[in-house]
Amino acid sequence: MTYTVNCSILLTELPLLERPAAAKAAGFDAVEFWWPFESSVPSDAQITEFENAIKDAGVQLTGLNFNAGNMPGGDRGLVSWKGRCSEFKDNIDVVAGIGERLGCKAFNALYGNRQEEFTPEEQDELAVKNLAAAAEGVARIGGTVLLEPVSGAPKYPLLTADDALKVIARVKAEAGVGNIKLLADFYHLSVNGDDVESVIENHAKDFGHIQIADNPGRGAPGTGTLPLGEWIARSRELGYEGYIGLEYKEPQETAFSWAIREHAAK
C-alpha cells in the first residue's frame, strides 16, 4: 500500500520541518502538508527551508494545500472567501513553484466557509473563478487541483461528494479546465453521513486523492469502526491508483502501530 503521511496533523510533537525526516524514519517515503506558512506568499528563505526539509529527508511531497487561512482559528479555505481573492491568486504561483521543484502534482483547494455578508451564489461565483485560476496555474506542471468535502466546520458548504462534484462540474463547464478532481476523505464523508460505498462505486476511478482517518475520534485506522481497508481495496479494484493520505490524530509513539501490525501480518 502506498501511504503518504500528512505532516500537518501527524508528528505534531516535532517542529514542522523535522516531521518529514520522522516520517522517513517511521518507514514512509511520502508526505503531504496543509499550507505550511502563515501567509500566501512567504519569503524565499522560508520556502527554501521547507523544500530542503523534504529533500534532505529523502521523501516525496505528494500533496500540498493552497493557503486555507487560519486553520486553527476555524478558517477552511480562501476559494470562496470574498475579500481575500488577491491572496488566493498570489498563492497559486507559489504553490506551483514548490510543486515544480519537488515533483508534487496534487494541490488541495479548501472551498471556504460561508460569509454572512454575502449570498451563497456570490461566493460560489467567485469560487468557480478561483478554482479555474488554480487549475490553470498548476496545469503547467501537470498538476491537479483537489476539492474536498469537510466535516466539523459548520459554515463549510461542501459536505458530501456530490456537493464537491457539482462544483467541479461547474468549473469544467464554465472554464473549460479538466485538471480538477474530488479529494475523497473517507473520514469526512462518513462523519457527514455520505454513502461512502456508493461514492466509491461510482467515482473511485476518478478520485484525485484519498485520505483516511477512523471514526469516531479521527484516530488511526483500527481505533474506530470504519472499514477503511475494504474501502481502499475496493477503490483500487475500481481504478484508483494514487496515494492514500494518512490524515488522522494520533500521538507520535503510536501513530503507525497499525501499519507495523498490518505489515507483519502479510
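By the naming in an unreviewed UniProt entry, the protein chain goes by Hydroxypyruvate isomerase and is assigned to Pseudarthrobacter scleromae. We quote the UniProt Sequence similarities (unreviewed entry) comment for the protein chain here in full: "Belongs to the hyi family."

Participant: Please give an account of the overall build of the protein chain that cites residues and values.
Facilitator: In terms of helices and strands, the protein chain carries 9 helices and 8 strands. The C-alpha extent of the protein chain, read off along each of the three principal axes, is 50 × 45 × 30 Å. For the protein chain, with 266 residues in total, the buried portion stands at 53%. The long-range share in the protein chain, meaning contacts at least 24 apart out of those at least 6 apart in sequence, stands at 75%. When the accessible surface of the protein chain is summed, it comes to about 11,600 Å², and 49% of that surface belongs to carbon and sulfur atoms. Mean positive and mean negative side-chain charge positions of the protein chain (24 and 39 charges, respectively) differ by 3 Å.

Participant: Could you give an account of the side chain of Asn179, with specific residues and numbers?
Facilitator: Following the sequence through the fold, Asn179 ends up in the loop between helix H5 (161-175) and strand E6 (180-185). From its side chain, Asn179 meets the backbone oxygen of Ala135 in a polar contact 2.8 Å long. Of the polar contacts made by the side chain of Asn179, one reaches the backbone oxygen of Gly143; its length is 3.0 Å. Setting aside residues no more than four positions away along its own chain, Asn179 makes contact with Ala135, Val138, Ala139, Gly143, Thr144 and Val145.

Participant: Now, about the pattern of salt bridges: what can you tell me, with residues and values included?
Facilitator: This structure, assessed with the given rule, holds 13 salt bridges. Measuring nitrogen to oxygen at the nearest pair gives 3.1 Å for the salt bridge that ties Glu247 to Arg218. Linking Glu247 in the loop between strand E8 (244-246) and helix H9 (257-265) with Arg218 in the loop between strand E7 (209-212) and helix H8 (228-237), this pair joins segments that are 29 residues apart in sequence. One continuous salt-bridge network, built from bridges that share partners, spans Asp75, Arg84 and Glu87.

Participant: Run through the pairing of strand E2 (residues 30-33), naming residues and quoting values.
Facilitator: Here E2 shows a buried face lined by Ala30 and Glu32 and a second buried face lined by Val31 and Phe33. In this fold, the crossover linking strand E1 (residues 3-6) to E2 by way of helix H1 (residues 19-25) has right-handed handedness. Looking at chain direction, E2 and strand E3 (residues 60-65) are connected through 4 bridges and run parallel. Its bridge partner being in E3, Ala30 is matched across the sheet by Gln60. Tracing the backbone out of E2, into helix H2 (residues 44-57) and back to the parallel element E3 gives a crossover that is right-handed.

Participant: How would you summarise the packing of aromatic side chains if you had to cite specific residues and measurements?
Facilitator: With the rule as written, the count across this model stands at 10 aromatic pairs. Seen from their ring centres, Tyr3 and Trp258 are 5.2 Å apart, and the 85 degrees between their planes marks the pair as edge-to-face. Of this pair, Tyr3 sits in strand E1 while Trp258 sits in helix H9, and the two are 255 residues apart along the sequence. Across the pair, Trp258 and Tyr3 agree in class, each one buried.

Participant: Tell me about the pairing of E7, and please be specific about residues and values.
Facilitator: Residues of E7 alternate between two faces, with His209 and Gln211 on one and Ile210 and Ile212 on the opposite face, all of them buried. As judged from the 3 bridges shared by E6 and E7, these two strands associate in the parallel manner. Bridging from a neighbouring strand, Ala184 pairs with Ile210 of E7. Taken together, the 3 bridges between E7 and E8 define a ladder with parallel strand orientation. By the bridge assignment for E8, Ile210 is matched with Ile244.

Participant: Break down unusual backbone geometry for me, with residues and values.
Facilitator: Cis geometry marks the peptide bond from Asn215 to Pro216, where omega comes out at 5 degrees. Of note, Arg218 is a non-glycine position whose phi angle comes to about 55 degrees, a positive value. Owing to a relative accessible area of 13%, Arg218 belongs among the buried residues under this scheme.

Participant: So, the layout of surface pockets: which residues are in play, and what are the values?
Facilitator: For the largest pocket, the calculated volume is near 640 Å³. Lining the largest pocket are 29 residues, with Ser8, Trp34, Met71, Pro72 and Arg76 sitting closest to its centre. Taken together, the residues that form the lining of the largest pocket break down as 13 nonpolar, 9 polar and 7 charged. Taken together, 18 residues make up the lining of the second largest pocket; nearest its centre are Thr62, Lys105, Ala106, Gly208 and Tyr243. Of all the secondary-structure elements, those providing two or more residues to the lining of the second largest pocket are E3 and strand E5 (144-147). Class assignment for the residues of the lining of the second largest pocket results in 7 nonpolar, 7 polar and 4 charged.

Thresholds applied
Residues numbered from 1 in each chain as written. Predicted model: local features only at pLDDT ≥ 70, side-chain atom pairs only at ≥ 80, totals over all residues. Heavy atoms only, no water. UniProt positions renumbered as here; feature names shortened; annotations may be inferred. Helix = DSSP H or I, 4+ residues; strand = E, 2+ residues; numbered from the N terminus. Buried < 20%, exposed > 50% of the residue type's maximum accessible area, 1.4 Å probe, protein only. Contact = heavy atoms within 4.5 Å. Areas by Shrake-Rupley, 256 points an atom, 1.4 Å probe, with all protein chains shown as cover. Lys, Arg positive; Asp, Glu negative; His and termini not counted. Charge placed at Lys NZ, Arg CZ, Asp CG, Glu CD. Polar contact = N/O pair within 3.5 Å; in protein donor to acceptor, adjacent residues only side chain to side chain. Salt bridge = Lys/Arg side-chain N within 4 Å of Asp/Glu carboxyl O. Right-handed = clockwise from strand over helix to strand, strands pointing away. Pairing = 2+ DSSP bridges. Phe/Tyr/Trp six-rings, centres within 6.5 Å; stacked < 30°, edge-to-face > 60°. 1 Å grid on protein atoms, 1.4 Å probe; cavity = no way out; pocket = protein on both sides within 12 Å on 5 of 7 lines; lining within 4 Å. Points joined across faces, edges and corners; volume = space filled by probe spheres on them. Nonpolar A, V, L, I, M, F, W, Y, C, P; charged D, E, K, R; others polar.

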